[in-house]
Amino acid sequence: CFIDALCKAFRDCASPFEENVINKMQRLAYSLIPWGVLYTTAESIIKSMFTATVSVSISIDCGMIIVILVILAIAYVFKYGAILQQESDETL
């Protein structure tokens, strides 16, 4: 639902540097943080349910962490772009 909200914000915006788009992008990144932990934990629980051993491990998906950091970096680049856009609009 966060990706859908971000896509709608991109579709409805006049400029990708609007505050609404930046906020949706940051919310998407922050919503992925629990996924990085819960996915691997749930995967180990499901594996232990179908095998004879009981071993539940909590781990962090490094690939998901990289995706989160990339989305946050893009959001901060867009935020800086919004500042530059505002300064450009004020000087004209």
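Whatever comes next refers back to the structure up there.
It should be emphasised that the depicted structure is a prediction, and the values quoted were computed from it without experimental measurement. (Residues numbered from 1 in each chain as written. Predicted model: local features only at pLDDT ≥ 70, side-chain atom pairs only at ≥ 80, totals over all residues. Heavy atoms only, no water.)

Visitor: Summarise the overall build of the protein; cite the residues concerned and give the values.
Guide: Looking only at helices and strands, the protein features 3 helices and 0 strands. Listed by position from the N terminus, the elements making up the protein come as α-α-α. Taking 12 Å as the expected radius of gyration for a compact globule of 92 residues, we find that the protein reaches 19 Å, considerably beyond that expectation. When the 92 residues of the protein are sorted by exposure, 26% land in the buried category. Of the contacts formed within the protein by residues at least 6 apart in sequence, a portion of 54% connects residues at least 24 apart. Here the protein displays about 6600 Å² of accessible surface, and carbon together with sulfur accounts for 68% of that area. Charge centroids of the protein, computed over 6 positive and 9 negative side chains, lie 10 Å from each other. (Helix = DSSP H or I, 4+ residues; strand = E, 2+ residues; numbered from the N terminus. Rg over C-alpha atoms; globule rule 2.2 N^0.38 Å. Buried < 20%, exposed > 50% of the residue type's maximum accessible area, 1.4 Å probe, protein only. Contact = heavy atoms within 4.5 Å. Areas by Shrake-Rupley, 256 points an atom, 1.4 Å probe, with all protein chains shown as cover. Lys, Arg positive; Asp, Glu negative; His and termini not counted. Charge placed at Lys NZ, Arg CZ, Asp CG, Glu CD.)

Visitor: I'd like to hear about the nonpolar core, residue by residue, with values.
Guide: Judged by nonpolar contacts, the single largest core of 16 residues is most densely connected at Leu6, Val21, Met25, Ala29, Leu32, Ile68 and Ile71. Mapped onto this core, the elements with two or more residues apiece are helix H1 (2–12), helix H2 (19–50) and helix H3 (62–91). For this core, the element with the most residues is H3, which contributes 7 residues. Sequence-distant contacts of Leu32, that is, excluding residues within four places in its chain, are made with Met64, Val67, Ile68 and Ile71. (Core = buried A, V, L, I, M, F, W, Y, C linked by side-chain atoms within 4.5 Å.)

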